[in-house]
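Spelled out, the chains give:
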Amino acid sequence: MNASTKAYEELMTRLKRTALLASCSAVLEWDEQTYLPALGSEHRANQLALLAGMVHEQATNPEIGNLLQELETNADFTEGSFEQANVREARHEFDRATKLPRRLVEELSRVATLSHHAWVQARKANQFNDFLPWLEQMIDLKREEASAIGYQGRSAYDALLDEYEPGATSEMIEQAFLPLRDELVSLVSAINNSAVAPEISILTRKYPVEKQREFSISAAKAIGFNFDAGRLDIAAHPFCSGFGPGDCRLTTRYDEHHFPGAFFGTLHEAGHGIYEQGLPKEHFGTPSGHSTSLGIHESQSRMWENLVGRSRAFWDVFFQPAQALFPEALGNVSQEEFYRAINDVRPSFIRVEADEVTYNLHIMLRFELEKSLISGDLKPADLESAWNEKFVEYFGIKPDTSANGCLQDVHWSAGLIGYFPTYALGNMYAAQFFNAAEKELGDINKLIASGDFVPLKEWLNKNIHSRGKLYRANRLVEVVAGESLSHEPLIAQLQNKYSELYNL
Ligand code: ZN
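These remarks concern the structure in this document. Keep in mind that what you see is a predicted model, and the values were worked out from it rather than measured.

## Notes on the overall build of the protein
And then number 1: Each helix and strand counted, the protein has 21 helices and three strands in total.
And then number 2: Referenced to the eigenvectors of the C-alpha coordinate spread, the extents of the protein come out at roughly 70 × 50 × 50 Å.
And then number 3: Split into buried and exposed, the 504 residues of the protein put 53% on the buried side.
And then number 4: Look at the contacts in the protein between residues 6 or more apart in sequence, and 73% of them connect residues 24 or more apart.
And then number 5: Surface exposure of the protein reaches about 21900 Å², of which carbon and sulfur atoms provide 50%.
And then number 6: Charge centroids of the protein, computed over 47 positive and 70 negative side chains, lie 2 Å from each other.

Given below as structure tokens:
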């Protein structure tokens, strides 16, 4: 065995051990969100802090730096191999982790906990000013974090974005967002002016929770989520957590008088779950066994939720079973009325409840504001007025309360800055991947209408999931779809679908 092979194996052993430890925290975090009794939260916080410290210590062990240096100097990896990708990504993660001084890491974690608590209270009380001092502290800390990481030739914001979407820059995102925003604003206004008005009250009739659960599980199973390697539980803020090979947890929440929440929420999380379940097991704990980026992750959830789940073809299969399960709510509703209701488009205040057309505008607004907060062009004290002004510009309505405005999302209180754009990137990538899949598989809607979800799932397994972090997101889309990130496929799909729905 030569020195490089030995160094590579030693590096992989260390990465795998760290990932194994981190996956233990993931189990505890999932439990915290699902089953933890209220009085257990303090003890859980101690458990999680201990594990976080251990993970950070392992991830920043100087020996990893030595191994990386040895490999970068002497190893001769095949271009485009998993080995090459593992070393590239391990370097990226090691540098990010070691550049942050321990004091800053601890301060960020401490302020995030307190700021989150303040945000919950401020949102309840509808008082932006109660949250403002925490937002100010958080923005200062995130700017400090960006400087510690460094961002030569780019913006401070890019250093933060890089954590969620490695390799992405705000310039690249703006290039896609600006034309997307203009197209969306005009599409939304055309829809608003249309005489067509779907009957959405059918979605808020009575849908018994037990039946919703049964129906959501049957749909998640049908599209390919493997329940022998996963579960579905209830959480206040739904998420998907892949603990490792053979164990992926989905969560959702039920409202007896709102059908779309749990159903499309489950399809969305199942889309994330199918990605996690499709990662190559043999690479667990190394970058090659990990998802590419949050944007690519979101492309998977959005594809199943919107491009599949909100299509006519999907309801050719699922409408009759839905009627059988919910006779009281859907007995006198036609499939077409139902299809139109679940695709209702209208400007609304809350991002997580937005339809697929207006959704991206919610993201762009946040992207622009958080970028200005980090650059210093926008003072935290002016956030609320800037938010409301932009909201009117994009949606034509002004948030009636802080809770329905700039206090609605958890992200900023938790220090997740640079995270929002990944949602809209996911929508764009989903459209690009869907077109690429269609080129190979033929008419996907025809497959869906026959209840056959296997070809699409296997196509995603092969082209995206099995590749782990072999490529960065911007390269993956070139390899898979033959083009770089683009807003055009998404706009074309939306225009096509909604022109028909709203007689535009
Ligand atoms: Zn998601």
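## As for the packing of helix α17 (residues 421-441) against helix α20 (residues 473-481)
And then number 1: Running from N to C, α17 and α20 point in directions that differ by 20°, and their axes come no closer than 9 Å. Regarding the angle of α17 to α20, the classification is roughly parallel. The chirality of how α17 crosses α20 is left-handed. In this structure, α17 uses Y429, Q432, F433 and A436 to contact α20, whose residues at the interface are A473, N474, L476, V477, V480 and A481.
And then number 2: For the contact of α17 with α20, the class distribution of residues is eight nonpolar, two polar and no charged.

## What to know about the pattern of salt bridges
Oppositely charged side chains can form a pair if their charged atoms are brought close together.
And then number 1: In total, this model carries 31 salt bridges according to the counting rule given.
And then number 2: A salt bridge links D409 to R351, with the nearest nitrogen and oxygen atoms 3.0 Å apart. Residue D409 is located in the loop between α16 (383-395) and α17, and its partner R351 is located in the loop between α14 (335-342) and α15 (359-375); the two are separated by 58 residues in the primary sequence.
And then number 3: Between K497 and E356 there is a salt bridge whose closest N-O contact spans 2.6 Å. Taken together, the residues K497 in helix α21 (residues 488-501) and E356 in the loop between α14 and α15 connect sequence positions 141 residues apart.

## Overview of the coordination of the zinc ion
And then number 1: Surrounding the zinc ion are the protein donor atoms H268 (NE2), H272 (NE2) and E298 (OE), which sit 2.1 to 2.3 Å from the metal.
And then number 2: Of note, the donors binding the zinc ion are all from one chain and are spaced H-x3-H-x25-E. Taken together, the residues span a long stretch of sequence, with H268 in helix α10 (residues 259-278) and E298 in helix α11 (residues 294-308) at a distance of 30 residues. Of the two residues examined, H268 and E298, each falls in the buried class.

## Considerations on the sheet that holds strand β1 (residues 230-234)
And then number 1: Across the sheet, which stays open at both edges, the three strands sit in the order β1-β3-β2 with mixed pairing between neighbours. Both edges of this open sheet fall to β1 and β2 (240-244), since each of them pairs with a single strand only. Adjacent strand axes in the sheet meet at a mean angle of 20° when their direction is disregarded.
And then number 2: Bridging between β2 and strand β3 (residues 247-252) involves four bridges; their strand directions are antiparallel.

## Section: the nonpolar core
Within soluble globular proteins, side chains that are nonpolar generally end up buried alongside one another.
And then number 1: Counting 129 residues, the largest nonpolar core has F314, W315 and F433 as the members making the most contacts within it.
And then number 2: Filtering out sequence-adjacent residues up to four positions away, W315 remains in contact with F215, F259, F263, F264, G309, R310, A322, Q335, F338 and I342.

## Observations regarding the side chain of R96
And then number 1: Structurally, R96 can be placed in helix α4 (residues 82-99).
And then number 2: Assessed through its relative accessible area of 12%, R96 is described here as buried.
And then number 3: When neighbours within four sequence positions are excluded, R96 is seen to be in contact with E145, I149, A159, L160, D162 and E163.

## Examining the environment of A313
And then number 1: Tracing the chain through its elements places A313 in helix α12 (residues 312-325).
And then number 2: Given a relative accessible area of 6%, A313 falls into the buried group.
And then number 3: Here the alpha-carbon distance between A313 and I444, two residues 131 residues apart in the chain, equals 9.2 Å.
And then number 4: Discounting chain neighbours no more than four positions away, the residues touching A313 are N445, I448 and A449.

## Observations concerning α21
And then number 1: An ideal rise of 1.5 Å per residue puts 20 Å on 14 residues; α21 measures up with 20 Å between its terminal C-alpha atoms.
And then number 2: Residues P489, L490, I491, Q493, L494, K497, Y498 and L501 constitute the buried set of α21.
And then number 3: Looking at the packing, one finds that the buried side of α21 touches α8 (170-192), α11, α14, α15 and α17.
And then number 4: Within two residues after α21, N503 carries a phi angle of roughly 50°, on the positive side.

## As for the packing of α11 against α17
And then number 1: Orientation of α11 relative to α17, taken along the N-to-C sense of each, is 65°, at an axis distance of 7 Å. For the crossing formed where α11 meets α17, the hand is right-handed. Of the residues in α17, those touching α11 at L294, G295, I296, E298, S299, Q300, R302, M303 and L307 are T422, Y423, L425, G426, N427, Y429, A430, A431, F433 and F434.
And then number 2: Within the contact of α11 with α17, the residues separate by chemical class into 11 nonpolar, six polar and two charged.

## Description of the packing of aromatic side chains
And then number 1: Under the defined criterion, the tally for this structure stands at 38 aromatic pairs.
And then number 2: Measuring from ring centre to ring centre gives 6.4 Å for F259 and W315, while their planes differ by 70°; the resulting arrangement is edge-to-face. Of this pair, F259 sits in helix α10 while W315 sits in helix α12, and the two are 56 residues apart along the sequence. You'll find F259 and W315 in the same group, each marked buried.
And then number 3: Ring geometry for W412 versus F420: centroids 5.9 Å apart, planes at 90°, classification edge-to-face.
And then number 4: Using a relative accessible area of 1% as the deciding quantity, one classes F420 as buried.
And then number 5: Put simply, the rings of Y207, F215, F259, F263, F264, F314, W315, F318, F319, F326, F338 and F453 pair up and form one aromatic cluster.
And then number 6: Here the guanidinium or amino end of R249 rests over the ring plane of W30, the centre of that ring lying 4.5 Å away.

Definitions and limits used
Residues numbered from 1 in each chain as written. Predicted model: local features only at pLDDT ≥ 70, side-chain atom pairs only at ≥ 80, totals over all residues. Heavy atoms only, no water. Helix = DSSP H or I, 4+ residues; strand = E, 2+ residues; numbered from the N terminus. Buried < 20%, exposed > 50% of the residue type's maximum accessible area, 1.4 Å probe, protein only. Contact = heavy atoms within 4.5 Å. Areas by Shrake-Rupley, 256 points an atom, 1.4 Å probe, with all protein chains shown as cover. Lys, Arg positive; Asp, Glu negative; His and termini not counted. Charge placed at Lys NZ, Arg CZ, Asp CG, Glu CD. Axes fitted to C-alpha atoms, helices over the stretch in contact; angles between N-to-C directions. Parallel < 35°, antiparallel > 145°, perpendicular 65-115°, else oblique. Left-handed = near helix turned anticlockwise from the far one by under 90°. Nonpolar A, V, L, I, M, F, W, Y, C, P; charged D, E, K, R; others polar. Salt bridge = Lys/Arg side-chain N within 4 Å of Asp/Glu carboxyl O. Donors = N, O, S within 2.8 Å, 3.2 Å for Na, K, Ca; no water. Pairing = 2+ DSSP bridges. Core = buried A, V, L, I, M, F, W, Y, C linked by side-chain atoms within 4.5 Å. Expected span 1.5 Å × (residues − 1). Phe/Tyr/Trp six-rings, centres within 6.5 Å; stacked < 30°, edge-to-face > 60°. Lys NZ or Arg CZ within 6 Å of the ring centre and 35° of its normal.

Functional significance is not addressed by these values, which are geometric in nature.
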